[in-house]
Amino acid sequence: MRHWWQEVVVYQIYPRSFQDTNGDGIGDLAGIISRLDYLQKLGIGAIWLSPVYQSPNDDNGYDISDYQAIMQEFGTMAEMEQLIQAAKEREIRIVLDLVVNHTSDEHNWFIEARKAKDNPYRDFYIWRDPVNSNYPNDLKSIFSGPAWQYDEISQQYYFHLFSQKQPDLNWANPAVRQAVYDMMNFWIDKGIGGFRMDVIDLIGKVPDEKITSNGPNLHDYLQEMNQATFGGKDLLTVGETWGATPEIAKLYSDPAREELSMVFQFEHIGLDEVAGQSKWVSRPFQIKELKDVFTKWQTELGDQGWNSLFWNNHDLPRIVSRWGNDTDYHEKSAKLLAILLHCMKGTPYIYQGEEIGMTNHIVTDITEVEDIESRNMYAEQLAAGKSKETLLAAINQKGRDNGRTPMQWDASPNAGFTAGTPWLAVAPNYSKINVMQALRDPHSVFYTYQKLIHLRKEQPIMVWGDYKLLTETADDVFSYLRIYEDKRWLIVTNFSNAPHSFTYPKGALGKVIISNLATDIPREPTISLEPWDAFVVELGEET
Ligand code: TEU
Ligand code: CA
């Protein structure tokens with residue numbers, strides 16, 4: 001069976017940084033509504049909206065204190081309903097962020113739970129006694145420090161895989177699961193298009209056995225959730241699963257198992273990291289490895305799963321700065337990254353600003369950093385003796401604020417994001433890199449994305465075609481075929497700052513489908529690719 005979510009491109013909005021309308025420096029729902037025409041022009045079919053629920057913002061909305069209320073800074077429930085409706089009128093569905101591994105410590109469930117050991121909500125969370133007046137065990141928080149926090153009132157520790165203000169829910173408790181399902185149905189009844197499920201691979205944790213991801217009951221919970229909520233409603237459900245291999249991804253997304261539509265896997269994202277070390281330790285990125293990872297995912301899921309395709313999200317540095325070239329080949333490399341990814345099989349995701357080539361933002365002092373993950377790491381490592389310079393270099397390379405600077409709409413002060421003071425500084429290159437400029441220039445990165453989205457709507461080969469890597473190329477040339485019925489498309493990209501020669505595979509070259517070259521593509525049997533060249537061309541039969 002074919003589904004709508006296999007044929008669309010999804011656009012992620014980080015509401016805090018998208019568009020402010022009331023001058024408080026914080027993006028809001030009214031701002032999103034005001035930009036729907038822009039998104040319609042881009043051509044997307046769904047928006048993944050990062051959390052908009054009530055939250056004390058310890059982790060910018062990923063710490064939720066009421067799942068059924070809208071954060072005051074963002075607007076009202078009426079505006080949320082208006083957004084769902086206004087988007088629907090433009091054939092855009094709203095996919096909500098479902099953050100149910102943990103709540104805020106200011107959620108009513110936790111306020112109750114910490115009152116006393118016999119409180120009816122106590123078991124909504126994970127409490128353990130101290131062991132020899134120390135932590136229950138040595139599990140660590142992903143945001144630095146121990147995963148256990150002592151609570152003076154009831155004299156036990158509670159478990160938190162993220163910040164101390166994000167206590168983990170106890171999924172082993174059926175009452176927790178039912179409360180989550182009820183909340184999901186509340187939103188489904190409002191007409192949303194689905195859920196992006198935050199760190200969903202952690203809900204089956206068994207802290208006592210030091211199992212955090214891929215716990216033993218994980219898939220039972222997801223099957224139960226499917227049946228109790230979105231099952232049979234054809235919604236888009238995408239799980240955030242950092243530890244997924246293709247085998248694990250099939251467990252989530254094999255249609256026969258009735259769990260999720262797809263997962264976000266992060267194997268490619270880890271290619272400039274060092275195995276066994278934190279994301280803050282980097283090594284050089286190699287195209288050869290990228291080819292291996294993408295090819296594995298493109299070929300191994302088969303009919304038992306569906307890929308999501310992404311370079312960016314609100315946790316990741318900007319791809320054009322990370323693996324493209326944001327100085328000498330800014331536009332060209334941004335277009336290559338778009339073409340390479342969007343021509344693959346799966347559902348592509350665009351993170352706000354990616355479509356105009358937004359870049360990383362360099363900071364020179366920790367006071368400029370808002371992100372809790374970066375700040376905690378900095379404090380911990382500074383205390384451990386690392387230098388400020390080393391730590392800021394790591395934050396500039398990998399820190400989450402890189403992706404969170406305000407959306408660059410135009411060249412007016414603060415990039416047209418706010419009339420006030422933005423909550424996080426706008427990247428200084430906004431006078432050149434902005435939406436207004438991109439819309440004026442017919443050769444901008446924006447129009448490459450728009451065209452790729454259009455092709456996906458018009459050309460079944462983009463959605464359903466098989467993928468085949470070309471192996472006889474230079475290491476830095478990433479080239480593959482898509483094959484569908486009697487059609488073949490050849491995708492050619494030179495993922496580097498140097499020229500490389502390239503020999504076409506057998507078959508007559510046909511029409512150019514999309515390209516970032518200023519001229520027609522060269523058509524000799526062996527050609528020289530210039531740095532960051534990328535194009536797609538029809539390829540006739542191998543005769
Ligand atoms: O992210 C999961 C997560 O593990 C990230 O913190 C990740 O490890 C890190 O940022 C690496 O870049 C999700 C959300 O996407 C993130 O924004 C939240 O902070 C986190 O869960 C907790 O809800
Ligand atoms: Ca605002």
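The rules behind the values
- Note on numbering: residues in each chain are counted from 1, in written sequence order.
- A letter from A marks each chain and a number from 1 marks each ligand, given out in the order of writing.
- Since the coordinates come from a predicted model, pLDDT governs what is reported: local features require at least 70, and pairs of side-chain atoms require 80 or more to be given and counted, while whole-chain, interface and lining totals use all residues.
- To get the side-chain values, all heavy atoms of the structure are used, and hydrogens and water are removed first.
- UniProt positions are given in the numbering used here, feature names are shortened, and annotations may be inferred rather than shown by experiment.
- By the criteria applied, helices consist of DSSP H or I runs no shorter than four residues and strands consist of E runs no shorter than two, each listed in order from the N terminus.
- Any N, O or S atom lying within 2.8 Å of the metal counts as a donor, and for Na, K and Ca the limit rises to 3.2 Å; water is left out, so some sites can look incomplete.
- Think of it in three bands: residues with accessible area under 20% of the maximum for their type are buried, residues over 50% are exposed, and the middle band is partly exposed, with areas taken using a 1.4 Å probe on protein chains only.
- Proximity is defined per residue: any heavy atom of the residue falling within 4 Å of a molecule or strand makes that residue near it.
- In protein, a polar contact means a hydrogen-donor-capable atom and an acceptor-capable atom, both N or O and within 3.5 Å, with residues adjacent in sequence counting only if both atoms are side-chain atoms; elsewhere, any N or O pair within 3.5 Å suffices.
- Here, Shrake-Rupley sampling with a 1.4 Å probe gives the accessible areas, and only protein chains in the shown set may cover a residue.
- Each cavity reported here is a set of points on a 1 Å grid over the protein atoms alone in which a 1.4 Å probe fits but cannot get out, each pocket an open set with protein on both sides within 12 Å along at least five of seven lines, and each lining residue one with an atom within 4 Å of a point.
- Placement in a cavity or pocket follows one criterion, namely that more than half of the molecule's atoms lie within 2 Å of its grid points.
- Gly is put with the polar residues, along with every residue not named as nonpolar or charged; the nonpolar set is Ala, Val, Leu, Ile, Met, Phe, Trp, Tyr, Cys and Pro, and the charged set is Asp, Glu, Lys and Arg.
- Aromatic pairing here means that ring centres of Phe, Tyr or Trp (its six-membered ring) are within 6.5 Å. Orientation follows from the plane angle: under 30 degrees is stacked, over 60 is edge-to-face, and everything else is tilted.
- Note on geometry: a ring has a charge over it if NZ (lysine) or CZ (arginine) is within 6 Å of the ring centre and within 35 degrees of the ring normal.
- Put simply, buried Ala, Val, Leu, Ile, Met, Phe, Trp, Tyr and Cys residues joined by side-chain atoms within 4.5 Å make one nonpolar core.
- The contact criterion used throughout is that any non-hydrogen atoms of two residues lie within 4.5 Å.
- Each reported salt bridge corresponds to a side-chain nitrogen of Lys or Arg within 4 Å of a carboxyl oxygen of Asp or Glu.
- Grid points are joined across faces, edges and corners, and a volume is the space filled by probe spheres set on the points.

(A) Structural view of the UniProt feature "domain: Glycosyl hydrolase family 13 catalytic" (unreviewed entry) in the protein chain. Those residues carrying the UniProt feature "domain: Glycosyl hydrolase family 13 catalytic" (unreviewed entry) are residues 12-404 in this numbering. Here residues 12-404 runs as 31% helix and 12% strand, with 12 Å between its end C-alpha atoms.

(B) Broad picture of the coordination of the calcium ion (ligand 2). At the metal site, the calcium ion (ligand 2) is ligated by Asp20 (OD), Asn22 (OD1), Asp24 (OD), Ile26 (O) and Asp28 (OD), and these contacts range over 2.3 to 2.4 Å. Given the relative accessible area of 34%, Asp24 is considered partly exposed.

(C) Region of interest: the site of ligand 1. What surrounds ligand 1 is a group of 17 residues, the closest being Asp59, Asp198, Lys279, His314 and Asp315. Interatomic distance of 2.8 Å between a side-chain N/O atom of Asp198 and an oxygen atom of ligand 1. In the environment of ligand 1, an oxygen atom lies 2.9 Å from a nitrogen or oxygen atom belonging to the side chain of Arg400. Expressed as a share of its isolated accessible area of 490 Å², the protein-covered part of ligand 1 is 95%. Under a 2 Å grid-point criterion requiring more than half of the atoms, the pocket assigned to ligand 1 is the largest pocket. Partitioning the shell around ligand 1 into residue classes produces six nonpolar, two polar and nine charged.

(D) Highlighting the packing of aromatic side chains. A complete count under the given rule lists 36 aromatic pairs for this structure. Measuring from centroid to centroid gives 5.2 Å for Trp109 and Phe124, while their planes differ by 65°, and the two rings are edge-to-face. Of this pair, Trp109 sits in helix H4 (residues 108-113) while Phe124 sits in the loop between H4 and strand S6 (127-128); the two residues are 15 residues apart in sequence, bridging distant segments of the chain. Comparing Trp109 with Phe124 shows no difference in burial state: the two are buried. Ring geometry for Phe502 and Tyr504: centres 5.5 Å apart, planes at 80°, overall edge-to-face. The class for Tyr504 is buried, based on a relative accessible area of 10%. Aromatic rings pair up to connect Phe285, Phe294, Trp311, Trp323, Tyr467, Phe478, Tyr480, Phe495 and Trp532 into one cluster. When the ring centre of Trp464 is taken as origin, the NZ or CZ atom of Arg2, which lies over that ring, is 4.0 Å away.

(E) Expanded view of the nonpolar core. In terms of nonpolar packing, the biggest core is built from 144 residues, with Met80 and Phe495 touching the most fellow members. At eight residues, the largest contribution of residues to this core is made by helix H5 (residues 174-188). Among residues more than four places away in sequence, those in contact with Met80 are Leu29, Leu49, Val52, Ile70, Ile94, Leu96 and Trp187.

(F) Summary view of unusual backbone geometry. At Ser133, a position not held by glycine, the phi torsion is positive, near 50°. Relative to the helices and strands, Ser133 resides in the loop between S6 and strand S7 (148-151). In this model, Gln155 sits at a positive phi of 55°, which is unusual for a non-glycine residue. Mapped onto the fold, Gln155 is located in the loop between S7 and strand S8 (156-159).

(G) Fine view of the pattern of salt bridges. Throughout the structure, instances matching the rule amount to 30 salt bridges. For Arg400, the salt bridge is made with Asp59, and the minimal N-O distance between the two is 3.0 Å. Separated by 341 residues along the polypeptide, Arg400 in the loop between helix H12 (388-398) and helix H13 (435-440) and Asp59 in the loop between strand S3 (53-54) and strand S4 (66-70) bring together distant segments of the chain. For Arg400, a relative accessible area of 6% puts it in the buried group. Between Lys165 and Asp105 there is a salt bridge, and its shortest N-O distance comes to 2.8 Å. Remark: Asp105 occurs in the loop between strand S5 (93-98) and H4 and Lys165 occurs in the loop between S8 and H5; sequence separation between them is 60 residues.

(H) The layout of surface pockets, seen in detail. One number sums up the size of the largest pocket: a volume of about 1,100 Å³. When residues in the lining of the largest pocket are grouped by element, the largest group, three residues, is from helix H11 (residues 372-383). Class assignment of the residues belonging to the lining of the largest pocket gives a composition of 16 nonpolar, 13 polar and 14 charged. If you add up the space inside the second largest pocket, you get close to 790 Å³. Listing elements by their share of the lining of the second largest pocket, those giving two or more residues are helix H8 (287-300) and strand S14 (466-469). Counting residues per element, the lining of the second largest pocket draws most heavily on H8, which supplies three residues.

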